[in-house]
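An overview of the molecular structure
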Amino acid sequence: CLFLLVLGRVANVMVPILYKRVIDTLSLGAAVQGARNAAKLAGLQAAALQLVGIYLGWKLLQASTDVARQVIWCPVMQDVKERTNMRLLDHLLSQSVRFHISSKTGELMNIIDRGATSVERLMDLIPFRLFPAFVDVLAAGGVLTRM
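Residues numbered from 1 in each chain as written. Predicted model: local features only at pLDDT ≥ 70, side-chain atom pairs only at ≥ 80, totals over all residues. Heavy atoms only, no water.

1. Focus on the pattern of salt bridges
Side-chain pairing between opposite charges can occur once the charged atoms of the two side chains come close. Put simply, the rule reads: By definition here, a salt bridge exists when the distance from a side-chain nitrogen of Lys or Arg to a carboxyl oxygen of Asp or Glu is within 4 Å. Put simply, DSSP H or I for four residues or longer makes a helix, DSSP E for two residues or longer makes a strand, and each gets a number counted from the N terminus. Burial classes follow relative accessibility: with a 1.4 Å probe on protein chains only, a residue under 20% of its type's maximum area counts as buried, one over 50% as exposed, and anything between as partly exposed.
Applying the stated criterion across every chain yields a total of 8 salt bridges. Measuring nitrogen to oxygen at the nearest pair gives 3.9 Å for the salt bridge that ties Asp 66 to Arg 129. A residue pair is termed long-range when its members are at least 10 positions apart, and Asp 66 in helix 2 (residues 38-93) and Arg 129 in helix 4 (residues 105-146) qualify at 63 residues. Residue Asp 66 is classed as partly exposed on the basis of its relative accessible area of 31%. In this structure, the salt-bridge partner of Arg 83 is Asp 79, at a minimum N-O distance of 3.2 Å. With Arg 83 and Asp 79 both in helix 2 and 4 residues apart, the pair spans about one turn of that helix. Look at the salt bridges and you will find they share partners, linking Asp 66, Arg 69, Asp 124 and Arg 129 into a network.

Right, dumping it as structure tokens:
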């Protein structure tokens, strides 16, 4: 999962850079029109075609890394949710008879479900949403200062 996360961040940086290079190459090709520059124009067209292929590869990689990460991370999340629910259920079963007689079971089950869902959301939000967004901002700042 960590490898896919890093690969996705690299793809997020590479896609706009390659897009710029494709546009620059195509604009150079438009400026080099004419019979004398036919060889140069053919070279620019070949370079633009290569860059478009590389761009599409990075774009596909950018789109597929998140899906692949979710597929790999899903069993981990299910295990975390199952363990959380089991610990809560064990705790509830260890309570006294008075607790079980006086509590509302349906309300208690809703609270347990909300708690397990909250843990699941936190496990997805922090490592896979907030941290990558922070890395993207730093990477964009680094690219902009380098240019």
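Now, onward.
2. Let's talk about helix 4
Here is the rule: A helix's residues, less one, multiplied by 1.5 Å, set its expected span. Bend angle per residue: angle between axes fitted to the 7 residues ending at that residue and the 7 residues starting there. Throughout, a residue-residue contact means that at least one pair of heavy atoms, one from each residue, lies within 4.5 Å.
Taking 1.5 Å of rise per residue, 42 residues should cover 62 Å, and helix 4 covers 60 Å from first to last C-alpha, within 8% of that figure. Along its length, helix 4 reaches its greatest deviation from straightness, about 40°, at Leu 125, and the proline Pro 127 lies no more than four positions downstream. Listing the buried residues of helix 4 in full gives Ile 112, Ala 116, Phe 128, Pro 132 and Val 143. Lining the buried residues of helix 4 we find helix 1 (2-31) and helix 2.

3. Digging into the nonpolar core
Note the following rule: Residues grouped as a nonpolar core are buried Ala, Val, Leu, Ile, Met, Phe, Trp, Tyr and Cys residues, joined through side-chain atoms within 4.5 Å.
One finds Val 15, Leu 18, Val 22, Leu 51 and Tyr 55 forming the largest nonpolar core, which totals 5 residues. Counting only elements with at least two residues in this core, the list comes to helix 1 and helix 2. Sequence-distant contacts of Val 22, defined by excluding residues within four places in its chain, comprise Leu 51 and Val 52.

4. Brief notes about the packing of aromatic side chains
Let me state the cut-off plainly: Stacked, tilted and edge-to-face are the three classes assigned to paired rings of Phe, Tyr and Trp, where Trp is represented by its six-membered ring and a pair needs centres within 6.5 Å; plane angles under 30 degrees give stacked, over 60 edge-to-face, the rest tilted. In this scheme, Lys NZ or Arg CZ marks a charge over a ring once it lies within 6 Å of the ring centre and within 35 degrees of the ring normal.
For the structure shown, the criterion picks out 2 aromatic pairs. When the ring of Tyr 19 is compared with that of Tyr 55, the centres are 5.7 Å apart and the planes differ by 45°; the resulting orientation is tilted. Placement of the pair is Tyr 19 in helix 1 and Tyr 55 in helix 2, with a sequence separation of 36 residues. Of the residues examined, Tyr 19 reaches a relative accessible area of 48% and is grouped as partly exposed. A relative accessible area of 18% places Tyr 55 in the buried class. On the numbers, 4.9 Å between centres and 75° between planes, the contact of Trp 73 with Phe 128 is edge-to-face. Within this pair, whereas Trp 73 is found in helix 2, its partner Phe 128 is found in helix 4, the two being separated by 55 residues in sequence. For the pair shown, Trp 73 and Phe 128 are each scored as buried. In this structure, Arg 69 packs its charged tip against the face of Phe 128, placed 4.2 Å from the ring centre.

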